[in-house]
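# Observations on the three-dimensional arrangement
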Amino acid sequence: MGRYFGTDGIRGKANVTLSAQRAFLTGRYLGYIFSKERKGKILIGKDTRISSSMYEMAVAAGATSQGADVYFLGTCPTPAVTYLVLKEKFDCGVMISASHNPYYDNGIKVFNCNGLKLESSIEDEIEDYLDGKTVIEYATEDKIGTNIDFSSGLEEY
């Protein structure tokens with residue numbers, strides 16, 4: 001296990017050990033790695049925890065600042081994200097949830113384009129970025145990403 005990623009994503013007590021800033025930076029690095037060659041396409045789902053919308057928006061702001069387009073699935077079960085990432089050919093999926101943890105916790109689970117847990121090598125890159133070991137430039141002009149409602153994906157799921 002890494003410095004931030006555990007066995008199932010980044011988790012912690014909302015605004016104590018898991019900050020909106022960390023969510024933003026995680027989204028920013030995801031946007032960066034998936035928008036190097038073309039505009040990235042990232043799906044985000046969330047659970048009903050009070051902090052989920054905060055983290056959803058933070059991850060989205062980070063990803064769009066690096067050029068990725070973010071598709072909001074809305075409140076959904078984690079399998080909806082893993083299924084739709086593969087079926088709709090997203091570069092990655094993010095689920096904002098801490099599963100069975102207490103309500104005051106939350107987490108950021110990231111899935112690759114196959115709907116599987118993100119590769120540990122990419123988790124390591126994200127952790128290095130969170131620790132300030134990597135510097136990346138923001139996207140500018142027409143390279144900035146946008147947010148797209150994809151709640152229709154729930155009907156497909």
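Residues numbered from 1 in each chain as written. Predicted model: local features only at pLDDT ≥ 70, side-chain atom pairs only at ≥ 80, totals over all residues. Heavy atoms only, no water.

### Thoughts on the overall build of the protein
When its secondary structure is counted, the protein shows five helices and seven strands. Reading the protein from its N end, one meets helices and strands in the order β-β-α-β-α-β-α-β-β-α-β-α. Rg of the C-alpha trace for the protein: 14 Å, near the compact-globule value of 15 Å for 157 residues, within the 12% margin. Taken over the C-alpha atoms alone, the protein extends approximately 40 × 35 × 25 Å along its principal axes. Counting across all 157 residues of the protein, residues that qualify as buried make up 51%. Intrachain contacts of the protein at a sequence separation of at least 6 include 76% that bridge at least 24 residues. With an accessible surface of roughly 7,600 Å², the protein has 52% of that area assigned to carbon and sulfur atoms. If the 17 positive side-chain charges of the protein are averaged to one point and the 21 negative ones to another, these points end up 3 Å apart. (Helix = DSSP H or I, 4+ residues; strand = E, 2+ residues; numbered from the N terminus. Rg over C-alpha atoms; globule rule 2.2 N^0.38 Å. Buried < 20%, exposed > 50% of the residue type's maximum accessible area, 1.4 Å probe, protein only. Contact = heavy atoms within 4.5 Å. Areas by Shrake-Rupley, 256 points an atom, 1.4 Å probe, with all protein chains shown as cover. Lys, Arg positive; Asp, Glu negative; His and termini not counted. Charge placed at Lys NZ, Arg CZ, Asp CG, Glu CD.)

### Details of unusual backbone geometry
For residues other than glycine, phi is negative in most cases, and the peptide bonds are mostly trans. Even without being glycine, N15 reaches a positive phi, approximately 60 degrees. Structurally, the position occupied by N15 is in the loop between β2 (9-13) and α1 (20-34).

### A closer look at the packing of aromatic side chains
As enumerated under the stated definition, the model contains seven aromatic pairs in all. Seen in terms of ring centroids, Y71 and F90 are 5.1 Å apart; in terms of plane orientation they differ by 75 degrees. Their pairing is edge-to-face. A residue pair is termed long-range when its members are at least 10 positions apart, and Y71 in strand β4 (residues 69-75) and F90 in the loop between α3 (78-87) and β5 (92-96) qualify at 19 residues. Chaining the aromatic ring pairs together yields one cluster made of Y29, Y32 and Y129. (Phe/Tyr/Trp six-rings, centres within 6.5 Å; stacked < 30°, edge-to-face > 60°.)

### Considerations on empty space enclosed by the protein
Under the definition given, this model contains one cavity of 30 Å³ or more. The computed volume of the largest cavity comes to approximately 40 Å³. The wall of the largest cavity is formed by F5, D8, G9, K109, V110, F111, K117 and E123. Residue contributions to the lining of the largest cavity peak at three residues, all from strand β6 (residues 105-111). Of the residues assigned to the lining of the largest cavity, the class counts are three nonpolar, one polar and four charged. (1 Å grid on protein atoms, 1.4 Å probe; cavity = no way out; pocket = protein on both sides within 12 Å on 5 of 7 lines; lining within 4 Å. Points joined across faces, edges and corners; volume = space filled by probe spheres on them. Nonpolar A, V, L, I, M, F, W, Y, C, P; charged D, E, K, R; others polar.)

### Details of the pairing of β2
Each regular strand carries side chains that alternate between the two faces of the sheet. As judged from the two bridges shared by strand β1 (residues 5-6) and β2, these two strands associate in the antiparallel manner. Residue pairing for β2: G6 is matched across the bridge by G9. Connecting β1 to the next strand, β2, in antiparallel fashion are two residues. Relative to β6, β2 runs antiparallel, the two being bridged by four bridges. What sits directly across from G12, in β6, is N106. (Pairing = 2+ DSSP bridges.)

### With respect to the sheet that holds β4
Taking strand neighbours across the sheet as the criterion, the seven strands line up as β1-β2-β6-β5-β3-β4-β7 in an open arrangement whose pairing is mixed. Pairing within the sheet leaves two strands with one partner each, and these edge strands are β1 and β7 (147-149). Sheet analysis places strand β3 (residues 41-46) next to β4, joined by six bridges and oriented parallel. Across the sheet, residue K41 finds its bridge partner in β4, namely D69. In this fold α3 packs onto β3, β4, β5 and β6, with an angle of close to 170 degrees to the strand it touches most, β5. (Axes fitted to C-alpha atoms, helices over the stretch in contact; angles between N-to-C directions.)

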